[in-house]
Each structure stands twice: as C-alpha cells, then as structure tokens.
Amino acid sequence: KEDRSLPIQISGAPQFNGVTFTLDYDPALLRIDEVIAALDGVTLNVDDDAANGLLKVEVIARQTLNLANATNLVLLRASVPADAPYTAAQVLDLR
C-alpha cells in the first residue's frame, strides 16, 4: 500500500524539548486522517478543527533531544476528499 504521509520536519534544534504549530488548510481539498509521532520519546497533543481547516499539534519531548539535523517530527496521514475539484491546489500554511 502506498504511504500518503506528509512529513513535518524540524532542524537546528540541538536541545529540543517541544514545539507547538498550527497547520491552516482548506478542508474542501485536504482531509487530515491521522497525526503520527515520527520520533520515539515524544507525546503528541492534537486538536483538529477540520470544519475550519486548522490543525494544532503540540509535540513534547519526554527528555531533551538533539534534532540539529533535519528530522521528521510528525507524519500527517492525509487524503483528498472525493468531491474536491480535479485541478484545485492549495498552499499549506504552517505557523
């Protein structure tokens, strides 16, 4: 089965303890099915306001991690809704 995960990466964090980010997306064009921790030793808190296209993710390290190099932080399992327009596109806003 093809993996349709969107990785969210972090780098330049040699003493990583945690981060919170919000992904702003168009729910008519993207459906977030699951948020998966890509690292061992972290806890995820996820608030998906799918109706408004806002996904808030908090990643908390159980101990300080060295993420100086590019590292997958979380994986977003996502899909395109069946009724999405064929040629539609969007920019994902990560803040």
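Residues numbered from 1 in each chain as written. Predicted model: local features only at pLDDT ≥ 70, side-chain atom pairs only at ≥ 80, totals over all residues. Heavy atoms only, no water.

Draft legend 1. Local environment of the overall build of the protein chain. Counting its secondary structure elements, the protein chain contains zero helices and seven strands. Reading the protein chain from its N end, one meets helices and strands in the order β-β-β-β-β-β-β. Each of the 95 residues in the protein chain was classed as buried or not, and the buried ones make up 31%. When the accessible area of the protein chain is evaluated, it comes to approximately 6,200 Å², of which 47% is carbon and sulfur surface. Of the charged side chains in the protein chain, 7 are positive and 13 negative, and the gap between their average positions amounts to 4 Å. (Helix = DSSP H or I, 4+ residues; strand = E, 2+ residues; numbered from the N terminus. Buried < 20%, exposed > 50% of the residue type's maximum accessible area, 1.4 Å probe, protein only. Areas by Shrake-Rupley, 256 points an atom, 1.4 Å probe, with all protein chains shown as cover. Lys, Arg positive; Asp, Glu negative; His and termini not counted. Charge placed at Lys NZ, Arg CZ, Asp CG, Glu CD.)

Draft legend 2. Just the side chain of Ser5, in detail. Position of Ser5 among the secondary structure elements: in strand 1 (residues 5-10). Within polar-contact distance, the side chain of Ser5 engages the side chain of Arg77 at 2.7 Å. Beyond its immediate sequence surroundings of up to four residues, Ser5 is in contact with Leu75, Leu76 and Arg77. (Polar contact = N/O pair within 3.5 Å; in protein donor to acceptor, adjacent residues only side chain to side chain. Contact = heavy atoms within 4.5 Å.)

Draft legend 3. The environment of Leu29, seen in detail. Along the chain, Leu29 falls in the loop between strand 2 (13-24) and strand 3 (31-37). The exposure class of Leu29 is buried, given its relative accessible area of 15%. Among residues more than four places away in sequence, those in contact with Leu29 are Ser79, Val80, Pro81, Ala84, Pro85, Ala88, Ala89 and Gln90.

Draft legend 4. Region of the structure containing the sheet that holds strand 5 (residues 54-67). Across the sheet, which stays open at both edges, the four strands sit in the order 4-5-2-7 with antiparallel pairing between neighbours. Every other strand in the sheet has two partners, leaving strand 4 (42-49) and strand 7 (93-94) as the edge strands with one partner each. Direction of pairing for strand 2 relative to strand 7: antiparallel, over a ladder of two bridges. Bridge assignment links Asp24 to a residue of strand 7, and that residue is Asp93. (Pairing = 2+ DSSP bridges.)

Draft legend 5. Local environment of the environment of Ala61. By secondary structure assignment, the location of Ala61 is in strand 5. For the pair Ala61 and Ala50, spaced 11 residues apart in sequence, the C-alpha separation works out to 26 Å.

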